[in-house]
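# Structural description and commentary
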Amino acid sequence: MTESLVPASSATGRSRRDGTPLGERGATRARRGGAFAAGVLAALAAGACGGRVVVDGFEPPDGTGGSGGVGGSTSAVAPDSTGPGQGGEGGAPPIPPLVEVDLGEVAVGVPVPVDIPPGTLGFTAIAQIMTSTPSFDPIGIETIAGPDGRTFVADYTLPGTLASFFNQGIGSAAVPQTGAATAAPLVPGTYWITIGDGDLGLPAAPARLSVWRRQTLDGRFHGGKLDINAFIAGGAVSEEYMQRALRTAYQGFVGLDVGSVTVHRLGPEWGFIDEETLPIVLEQTAAARGRPALNVIAVSQFGGRFADAAGATPSAPSVAVEHGTHLSGIVVTLFGEPEVDTVILRHELGHFTGLFHTTEFQASFADPLDDTRRCDDVLEQLELCPDYDNIMFPTGGDLSGAMTLQQTAIVQASAVYRGIVEDGGGAAAPLPAGRTPSPPRAAPAPAGPGQAGQGAAIAVGDRAWAASLPPRAAALLGGHFCGHSAVAGADFFALLRAVGGADEGRLLAVGRDPGAPVQARARALAAAGRAAAASASAPPARVLAELQALAADPGLPRRARLGAIQGVAAASPAAARALAVRLAGDPDSVVGRMAARAAR
């Protein structure tokens, strides 16, 4: 292994060069791997190349440093001018805050040594199958052992968690991710990393291993800049609201400042995401700028196993140092309620950097941290759980967003931001682009009325809308339902029914209530349709008629209308087809597209 300031290149190309989600080849590959990708939401990622070290904040010899590739229709937003560690303050860092140690192509099942020097806050190990388009074959991190023999990762997991450190074509794991390793600085020495194919019995393709380590002069966190690429699918939200939501959520989060925010446009075909299209839409981030950077994809609706979810992150941790892979971002649907949208964005960033739910819906699983509280039975206790205030509670909890010291340390040790290495120092410059920019795509038509960001926020304490509901049902409707829970087996409607919240009349009342949070209205209307379909009374004509009327009401928020469309489709496929015809010319093109999608 040699060291150089020359950036590693990437052999990974776009598998969807035309920007469409499911061409003939893409559909086949997505069907092959969709369930696998969704089943490993706790797997991890990024890319590498051979025999070099790339350092954050140092311009390569050819002078091509900068913000990286750009694709689609984009608009760059300048960094904020306030807060510590802003660009231009403190000068360039004297040492690189983020270093890639590229170990090249390695054999599956053979431990590979990597030296971790003093001053390291943490590192992320990344295995990637290097093909011309992102691979759907499994690869990941089988084991990580420390210099003292301690095992950090064993058999692709962490005991007691739902972690699964392999994924489609790319997988990774990080240290620290457990309470035993959150001390800063990290224990220096030689760590041993083994890659594998997830023990799925499939032929193992050649894979490259890289390790990205975060360092400072004294091994302590000193701040940094979080650069963001925002991808808006088909007018899912307004650009103005997307900008505001991202800055509200991330400015000051765990001591980081928001750096640049660049907006990219995706076509309307990306507005609906399920477990099959999740990895494909993440490939569209190949157009992203800068490294490291967080890619946030805003869509109109989740479906399939992700139904009723507000966010999905493909692995814990995911990839901030390469764009266009199956782990290169988070996917969210925003409600225009700043308080809940902040929780959605922070919760998914937590997964992205390596955090798990404090407690899972599955009673025997929780995160591996020493200072987070756990709940004996999430569904039974819910708002009475001792960890209900934590940002990583599976429903987002009480929306207060509490974090522990160990959770904070894991985010700060990740590779998601441009770091500062000493008190009073400046943040590193972005790394140069790791891939060739994709061809520009046409911007979507402007969003119709009712888009996220146009409504006023509902205070957490305003619970009049929930008065007729069991408390746990109201907590589920008003919280954040995470894609991680969905693919781990938690079905939102089943949870709602289990806590006594599946009464059609009460759900319709919530959906009609203008004082209810938009996320509660949308989920209530979708659930009302499912409840009617399961009812002994046949046909559920009254419920169906009201859902159809609400879906067609332009005065309702878009997200509530989309929930009503889901409810109609659940109650009667024939009624969904009729509704799609009725809404084909709706002024809100997103509503028309989602109605057509629900009628298939």
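This text goes with the structure placed above it.
In this text, all values refer to a predicted model and were calculated from it rather than measured experimentally.

Let us now look at the overall build of the protein chain. Broken down by element type, the protein chain carries 15 helices and 19 strands. Taking all 600 residues of the protein chain together, the buried fraction comes to 61%. Restricting to contacts in the protein chain with at least 6 residues of sequence separation, those with at least 24 account for 80%. A total of about 19700 Å² of accessible surface is found on the protein chain, and carbon and sulfur atoms cover 55% of it.

Counting through the fold element by element, Ser-589 comes out in helix α15 (residues 589–598). Given a relative accessible area of 28%, Ser-589 falls into the partly exposed group. Once the C-alpha coordinates of Ser-589 and Gly-235 are considered, the two residues, 354 residues apart in sequence, prove to be 8.8 Å apart.

Now for the state of the cysteines. Within the structure shown, the criterion is met by 1 disulfide. A disulfide bridge connects Cys-375 with Cys-385, and the sulfur atoms are separated by 2.0 Å. Residues Cys-375 and Cys-385 are joined by a disulfide whose S-S torsion is about -60°; by sign, that bridge is left-handed. With Cys-375 in the loop between α4 (338–353) and α5 (378–381) and Cys-385 in the loop between α5 and α6 (405–412), the pair connects residues that are 10 residues apart, well separated along the chain.

Within strand β11 (residues 207–215), 8 of the 9 residues are buried, which leaves it mostly tucked inside the rest of the structure. The pairing of strand β3 (residues 98–106) with β11 spans 7 bridges and is antiparallel. Within β11, the position partnered with Val-106 by the bridge is Ala-207. Bridge count between strand β5 (residues 120–129) and β11: 9 bridges; the pairing is antiparallel.

In this section: the side chain of Asn-295. Along the polypeptide, Asn-295 turns up in strand β15 (residues 294–298). Among the polar contacts made by the side chain of Asn-295, one reaches the side chain of Asn-229 at a distance of 3.2 Å. If we skip the residues at most four places from it in the chain, Asn-295 touches Asn-229, Phe-231, Thr-285, Ala-288, His-323, Ser-328, Gly-329 and Ile-330.

By size, the foremost hydrophobic cluster in this structure holds 79 residues, and its most contacted members are Trp-465 and Leu-477. With 7 residues, helix α11 (residues 518–534) is the single largest residue contributor to this core. Setting aside residues up to four positions removed in sequence, Leu-477 forms contacts with Trp-465, Leu-469, Phe-492, Leu-496, Leu-507, Gln-519, Ala-520, Arg-523 and Ala-524. Within the second largest apolar cluster, 44 residues are counted, among which are Ile-232, Val-296, Ile-330 and Leu-369.

For the pair helix α13 (residues 558–571) and α15, the least separation of the axes is 10 Å and the interaxial angle reads 15°. The pairing of α13 with α15 is recorded here as roughly parallel in orientation. Crossing of α13 over α15 shows right-handed handedness. Facing α13, whose interface residues are Arg-558, Arg-561, Leu-562, Ile-565 and Ala-569, α15 presents Val-590, Val-591, Met-594, Ala-595 and Ala-598. Across the contact of α13 with α15, the residue classes tally to 8 nonpolar, no polar and 2 charged.

Our focus in this paragraph is the packing of helix α10 (residues 504–512) against helix α12 (residues 541–551). The contact between α10 and α12 brings their axes to 11 Å, and the two run at 10°. Here α12 runs roughly parallel to α10, going by the angle between their axes. Handedness of the α10/α12 crossing: left-handed. Residues Glu-504, Leu-508 and Arg-512 of α10 form the contact with α12, whose participating residues are Arg-542, Val-543, Glu-546, Leu-547 and Leu-550. In terms of residue class, the contact of α10 with α12 is built from 4 nonpolar, no polar and 4 charged.

Right, let's talk about the packing of aromatic side chains for a bit. Counting across every chain of the model gives 7 aromatic pairs. Judged by centre distance (5.2 Å) and plane angle (75°), the rings of Phe-123 and Tyr-191 are edge-to-face. A residue pair is termed long-range when its members are at least 10 positions apart, and Phe-123 in strand β5 and Tyr-191 in strand β10 (residues 189–196) qualify at 68 residues. Take Phe-123 and Tyr-191: they sit in the same class, and that class is buried. Ring centres of Phe-302 and Phe-306 lie 5.9 Å apart, and the angle between their planes is 70°; this geometry places the pair in the edge-to-face category. Neither residue differs from the other here; Phe-302 and Phe-306 are each classed as buried. An aromatic cluster is present here, built from Phe-123, Phe-152 and Tyr-191 joined pairwise through their rings. Its end group placed over the ring of Tyr-417, Arg-214 keeps NZ or CZ at 3.7 Å from the ring centre.

This next bit is on the pairing of strand β12 (residues 224–233). For β12, the tally of buried residues reaches 10 of 10 residues, placing the bulk of the element in the interior. Both faces of β12 are covered, namely the face carrying Gly-224, Leu-226, Ile-228, Ala-230 and Ile-232 and the face carrying Lys-225, Asp-227, Asn-229, Phe-231 and Ala-233. Across 9 bridges, β12 lies against strand β13 (residues 256–266) in parallel orientation. If you follow Gly-224 over to β13, its bridge partner there is Leu-256.

Enumeration over the complete set of coordinates arrives at 11 salt bridges. One salt bridge in this structure joins Arg-558 and Asp-588, with 3.0 Å as the shortest N-O distance. Taken together, the residues span a long stretch of sequence, with Arg-558 in helix α13 and Asp-588 in the loop between α14 (573–582) and α15 at a distance of 30 residues. Classification of Asp-588 by relative accessible area gives buried; the value is 1%.

Examined against the element boundaries, Glu-275 turns out to sit in the loop between β14 (272–273) and α3 (278–283). No salt bridge is formed by the buried Glu-275; its nearest oppositely charged neighbour, Arg-305, is found at 5.1 Å.

What follows concerns α15. Every buried residue of α15 is listed here: Val-590, Val-591, Gly-592, Met-594 and Ala-595. Turning to α15, the residues buried within the fold contact β14, β16 (301–302), α12, α13 and α14. Measuring from the backbone nitrogen of Val-590 back to the side-chain oxygen at the start of α15 gives 3.0 Å, which picks out Asp-588 as the cap.

Here we take up unusual backbone geometry. Glycine aside, negative phi is the norm for most residues, and most peptide bonds take the trans geometry. Here the residue pair Val-175 and Pro-176 is connected by a cis peptide bond, since its omega of 10° sits within 30 degrees of zero. Its location among the elements puts Pro-176 in the loop between β9 (170–175) and β10. We note that Leu-382 has phi near 45°; this positive angle belongs to a residue other than glycine. Of note, Leu-382 is situated in the loop between α5 and α6.

The rules behind these values
- Residues numbered from 1 in each chain as written.
- Predicted model: local features only at pLDDT ≥ 70, side-chain atom pairs only at ≥ 80, totals over all residues.
- Heavy atoms only, no water.
- Helix = DSSP H or I, 4+ residues; strand = E, 2+ residues; numbered from the N terminus.
- Buried < 20%, exposed > 50% of the residue type's maximum accessible area, 1.4 Å probe, protein only.
- Contact = heavy atoms within 4.5 Å.
- Areas by Shrake-Rupley, 256 points an atom, 1.4 Å probe, with all protein chains shown as cover.
- Disulfide = S-S within 2.5 Å.
- Pairing = 2+ DSSP bridges.
- Polar contact = N/O pair within 3.5 Å; in protein donor to acceptor, adjacent residues only side chain to side chain.
- Core = buried A, V, L, I, M, F, W, Y, C linked by side-chain atoms within 4.5 Å.
- Axes fitted to C-alpha atoms, helices over the stretch in contact; angles between N-to-C directions.
- Parallel < 35°, antiparallel > 145°, perpendicular 65-115°, else oblique.
- Left-handed = near helix turned anticlockwise from the far one by under 90°.
- Nonpolar A, V, L, I, M, F, W, Y, C, P; charged D, E, K, R; others polar.
- Phe/Tyr/Trp six-rings, centres within 6.5 Å; stacked < 30°, edge-to-face > 60°.
- Lys NZ or Arg CZ within 6 Å of the ring centre and 35° of its normal.
- Salt bridge = Lys/Arg side-chain N within 4 Å of Asp/Glu carboxyl O.
- Lys, Arg positive; Asp, Glu negative; His and termini not counted.

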